[in-house]
Amino acid sequence: MGTQKKPTGRAILWGIISLAAYLALFLNQDVVTRNFARGGIFAIAVILTAMIFSFIHGAFANYLLEALGIQPLKKGVH
Amino acid sequence: MRGRKAVLWSLVALGTLFLISIPSLAEAAGEALGPGDVVKQFVRLDALGAIYLIILGFLGGLISGFIGSGGAFVLTPGMMSLGAPAAIAVASNMCHKFPKSMVGAYKRYKYGQLDLKLGVFMAISAVIGVQLGIYVQKFIFARWGSAGSNLYVSVAFVLILTLVGLYMLYDARRAVRASTKDTVSGLAEKMKRINIPPMISFNAARIRVSFWVIAPLGLATGLLAATIAVGGFIGVPGMIYILGVSPIMASATELVVAFLMGLTGTITWAVSGFVDIRMVLLLLAGSLIGVQVGAVGTTYVREYMIKLVMATIMLIVSISRGIAIPTYLHELGLIELNQGTVNLLDKASFIIMCFALALGGVIVLGNMWKRKKELQAEEAGMAVNLQKS
């Protein structure tokens, strides 16, 4: 705890990628919502979008917490 | 070798039933949806609505990362309060649940807190249990309509959550008083003595129990997920008190159940086009951070804290659901209430649910903060001692 270098740079990088992904989707929200509401094969697009965002934003959240020093205290089973 | 074959066959049997169950999973959200609720209409989201969803997502994620479940009870009504029709809110909650649980499960797996094999057994039998729950729900809906169904859900909710919540609270207090990490469940010790094959060993959870103990527990979790929308509030206590799994391991394993139920539920809702991806992504913006903070939080606290947080949330949520009961009695024509009272009860119920979530968040973050301060003080003390010597 504490002695490792904090991944601030990576947090910023993933933050920018995440923000860009959110902006891209919300600036085109009408097209996205209309198409995703069609159902059927578009269900794959819904699930893929959720997966991609969870990867990008999940990575950002991970580095952000590490940069803020919010890290696990102990590893292994209790 | 024979034991391994038996385990394999029991998984194949469960898997087949699981596949049969998928088509009806869309209804696995607990809310009794009448034909009028299934409206495909997407709300306009403003900045305030977006911030509201991000905060709600963060709190839901925090609780979910810490106790393995929770959030759905407030996220679905939360989205409906923005004007989303019930079906859209239920579908979007399902779609938000699986990535959040996946990230939470991955984190807790890395901390060595997850038994994947137990999670798979529990998840598959829970998905089948959902099917049973839907039958119960449909029967009540056909017989007593929407208000009757809501009344049944609320009464079951209040009874089950109050009983389990009170027991968990009593149990957590017992651990606090005895100054131990956690208590041992007598019922689980008895269950371990049931020797009906196939017996299955779960190495990470350090238990060996009969398939015939796990499968009914998973079924019950799914049944309650489909009827009262909070399967985790039964799954986690069930794993602790019936299987004898530690609270940390049980809450982490529940995330696997949430992932599989969320994914299969999403597939069915998304095929009909009911998922509002914008609300899903706004919830995820908060919850992917929250779920990781919650997961980290489990490494800061003693085992009984998980029981304490879970019991507190369960009891407050059951009060909130209890407040809604007079409205359903009014709709059924059993009591008389004016519209003002109905609206007031409705608002009070939602605010209390939000309070449950917020209080859970404060307990988790507060305990993390306290522990961190203690550790810093210890480190400082040690440094002073070293300098002296």
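Each value, and the rule that gives it
Residues numbered from 1 in each chain as written. Chains lettered and ligands numbered in written order. Predicted model: local features only at pLDDT ≥ 70, side-chain atom pairs only at ≥ 80, totals over all residues. Helix = DSSP H or I, 4+ residues; strand = E, 2+ residues; numbered from the N terminus. Rg over C-alpha atoms; globule rule 2.2 N^0.38 Å. Buried ≥ 20, exposed ≤ 12 C-beta atoms within 10 Å, placed from the backbone. Contact = placed C-beta atoms within 7 Å. Nonpolar A, V, L, I, M, F, W, Y, C, P; charged D, E, K, R; others polar. UniProt positions renumbered as here; feature names shortened; annotations may be inferred. Pairing = 2+ DSSP bridges. Expected span 1.5 Å × (residues − 1). pLDDT = per-residue confidence, 0-100. Axes fitted to C-alpha atoms, helices over the stretch in contact; angles between N-to-C directions. Parallel < 35°, antiparallel > 145°, perpendicular 65-115°, else oblique. Left-handed = near helix turned anticlockwise from the far one by under 90°.

Draft legend 1. A look at the overall build of chain B. Helix and strand counts for chain B come out as 12 helices and two strands. For chain B, whose C-alpha radius of gyration is 21 Å, the value lies close to the compact-globule estimate of 21 Å for 389 residues. Taken along its principal axes, the extent of the C-alpha atoms in chain B is 75 × 55 × 40 Å. Here chain B holds 389 residues, and 54% of them are scored as buried. Summarising the internal contacts of chain B: among those between residues at least 6 apart in sequence, 84% fall at separations of at least 24.

Draft legend 2. Inspection of the overall build of chain A at higher detail. Each helix and strand in chain A was counted, giving three helices and zero strands. In sequence order, chain A lays out its α and β elements as α-α-α.

Draft legend 3. Expanded view of unusual backbone geometry. Residues and elements named next belong to chain B. In this chain, Pro197 is followed by Pro198 through a cis amide linkage whose omega measures 0 degrees. Structurally, Pro198 is set in the loop between helix 6 (186–192) and strand 1 (199–202). Positive phi is not limited to glycine here, since Arg206 has a value of about 55 degrees. Mapping Arg206 onto the fold places it in the loop between strand 1 and strand 2 (207–210). By C-beta crowding, Arg206 is classed as partly exposed, having 13 other C-beta atoms within 10 Å.

Draft legend 4. Spatial organisation of the interface of chain A and chain B. Listed by partner, the interface residues are 35 residues for chain A and 34 residues for chain B. For the side of chain A that touches chain B, the elements supplying multiple residues, two or more each, are helix 1 (8–27), helix 2 (29–36) and helix 3 (42–67) of chain A. By residue number, the principal contributor to the side of chain A that touches chain B is helix 3 of chain A, which donates 15 residues. Partitioning the side of chain A that touches chain B into residue classes produces 20 nonpolar, 12 polar and three charged.

Draft legend 5. Structural view of the UniProt feature "transmembrane region" (unreviewed entry) in chain A. Residues and elements named next belong to chain A. Mapped onto this numbering, the UniProt entry annotates "transmembrane region" (unreviewed entry) at residues 12–29 and 41–65. Helix makes up 94% of residues 12–29 and strand 0%, with an end-to-end C-alpha separation of 25 Å. With 96% helix and 0% strand, the stretch residues 41–65 has end C-alpha atoms that lie 36 Å from each other.

Draft legend 6. Quick peek at the pairing of strand 1 of chain B. Residues and elements named next belong to chain B. Because side chains alternate across strand 1, one face comprises the buried residues Ile200 and Phe202, and the other comprises Met199 and Ser201, none of which is buried. Relative to strand 2, strand 1 is paired through four bridges, and the arrangement is antiparallel. By the bridge assignment for strand 2, Met199 is matched with Ser210. Here strand 1 hands over to strand 2 after four residues, with Arg206 in that stretch at a positive phi of 55 degrees.

Draft legend 7. Representation of helix 9 (residues 247–271) of chain B in the model. The end-to-end C-alpha distance of helix 9 of chain B is 36 Å, a good match for the 36 Å that 25 residues give at a rise of 1.5 Å each. Among the 25 residues of helix 9 of chain B, 23 are classified as buried, and the element is accordingly described as predominantly covered.

Draft legend 8. Fine view of the confidence of the model for chain B. Residues and elements named next belong to chain B. Residues with a pLDDT of 70 or more make up 92% of chain B, whose mean pLDDT is 84. The secondary structure element of chain B with the lowest average pLDDT is helix 1 (residues 2–21), at 68, and the one with the highest is helix 10 (residues 277–297), at 95. Considering only residues more than four positions removed or in separate chains, one finds that residues 25–32, a stretch of pLDDT under 50, has 36 contacts. On the interface metric, ipTM, the complex scores 0.92, and its pTM is 0.85.

Draft legend 9. Geometry of the packing of helix 7 (residues 211–228) of chain B against helix 8 (residues 232–241) of chain B. All names here are of chain B. It is the contact of helix 7 with helix 8, at a shortest axis distance of 8 Å, that shows an interaxial angle of 160 degrees. If you check the angle between helix 7 and helix 8, you find them roughly antiparallel. Helix 8 is crossed by helix 7, and the crossing has right-handed handedness. On the side of helix 7, the interface is formed by Leu217, Ala220, Thr221 and Leu224, while helix 8 contributes Ile234, Gly235 and Gly238. When grouped by side-chain class, the residues that make up the contact of helix 7 with helix 8 number four nonpolar, three polar and no charged.

Draft legend 10. Inspection of the packing of helix 2 (residues 47–67) of chain B against helix 12 (residues 339–388) of chain B at higher detail. Residue and element names in this part refer to chain B. At a minimum axis distance of 9 Å, the contact between helix 2 and helix 12 shows a crossing angle of 60 degrees. The orientation of helix 2 with respect to helix 12, classified from their angle, is oblique. Judged by the twist between their axes, the crossing of helix 2 over helix 12 is left-handed. Contact with helix 2, carried on its side by Leu59, Gly60, Leu62, Ile63 and Phe66, involves Leu357, Ala358, Gly360, Gly361 and Val364 of helix 12 and no other residues of that element. Considering only residue class, the contact of helix 2 with helix 12 consists of seven nonpolar, three polar and no charged.

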